[in-house]
Amino acid sequence: MKTLLLFVITALAEIVGCYLPYLWLRKGGSAWLLVPAAASLALFAWLLTLHPTASGRVYAAYGGVYVTIAIGWLWAVDAVKPTRWDLLGAGLCLLGMVVIMFAPRTG
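Everything numeric here is computed off the predicted structure, so don't read it as measured data.

## So, the side chain of His51
- The residue His51 is located in the loop between helix H2 (34–48) and helix H3 (55–76) in this model.
- Not counting residues up to four positions away in its chain, the partners in contact with His51 are Thr3, Leu6, Phe7, Thr10 and Val58.

## A closer look at the environment of Leu23
- Summarising the element assignment, Leu23 is placed in helix H1 (residues 2–26).
- Taking the C-alpha atoms as reference points, Leu23 and Tyr59, separated by 36 residues in sequence, lie 26 Å from one another.
- Sequence-distant contacts of Leu23, that is, excluding residues within four places in its chain, are made with Gly28, Gly29 and Leu33.

## What to know about the nonpolar core
- Grouped together as the largest cluster of nonpolar side chains are 17 residues, with contacts concentrated most on Phe7, Tyr62 and Met97.
- Among the secondary structure elements, those contributing two or more residues to this core are H1, H2, H3 and helix H4 (84–102).
- Among all residues touching Met97, those that are not within four sequence positions of it are Leu4, Phe7, Ala61, Gly64, Val65 and Phe102.

## Notes on the packing of H1 against H2
- Two numbers describe how H1 lies on H2: the axes approach to 8 Å, and their chain directions differ by 155°. Put simply, H1 runs roughly antiparallel to H2. Pair H1 / H2 crosses with left-handed handedness. Of the residues in H2, those in contact with Leu6, Ile9, Thr10, Ala13, Glu14, Val16, Gly17, Cys18, Leu20, Pro21 and Trp24 of H1 are Leu34, Pro36, Ala37, Ser40, Leu41, Leu43, Phe44, Leu47 and Leu48.

Conventions adopted
- Residues numbered from 1 in each chain as written.
- Predicted model: local features only at pLDDT ≥ 70, side-chain atom pairs only at ≥ 80, totals over all residues.
- Heavy atoms only, no water.
- Helix = DSSP H or I, 4+ residues; strand = E, 2+ residues; numbered from the N terminus.
- Contact = heavy atoms within 4.5 Å.
- Core = buried A, V, L, I, M, F, W, Y, C linked by side-chain atoms within 4.5 Å.
- Buried < 20%, exposed > 50% of the residue type's maximum accessible area, 1.4 Å probe, protein only.
- Axes fitted to C-alpha atoms, helices over the stretch in contact; angles between N-to-C directions.
- Parallel < 35°, antiparallel > 145°, perpendicular 65-115°, else oblique.
- Left-handed = near helix turned anticlockwise from the far one by under 90°.

Here you go:
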């Protein structure tokens, strides 16, 4: 559960870090949005270092959580209701994360 929570927080940091420049560039927001965006992306990078397994495995598994959180962001922030295909895809990505992170390891 700790690993999943850490992945969720990491994904939110990355999404916020990318969303704020989007607001500046595409929606006429202030350039000052780049300051919290940079801080959020730095937090994202630091959070990735807190995961207890090999970095390649963490990055691969993190992708599944990121996709799922991004679909939630689509609904909560962009006010676009996900389709059943969006939800199925996110579920498959999450299943992939579970397999990658929690499969038994030898040696």
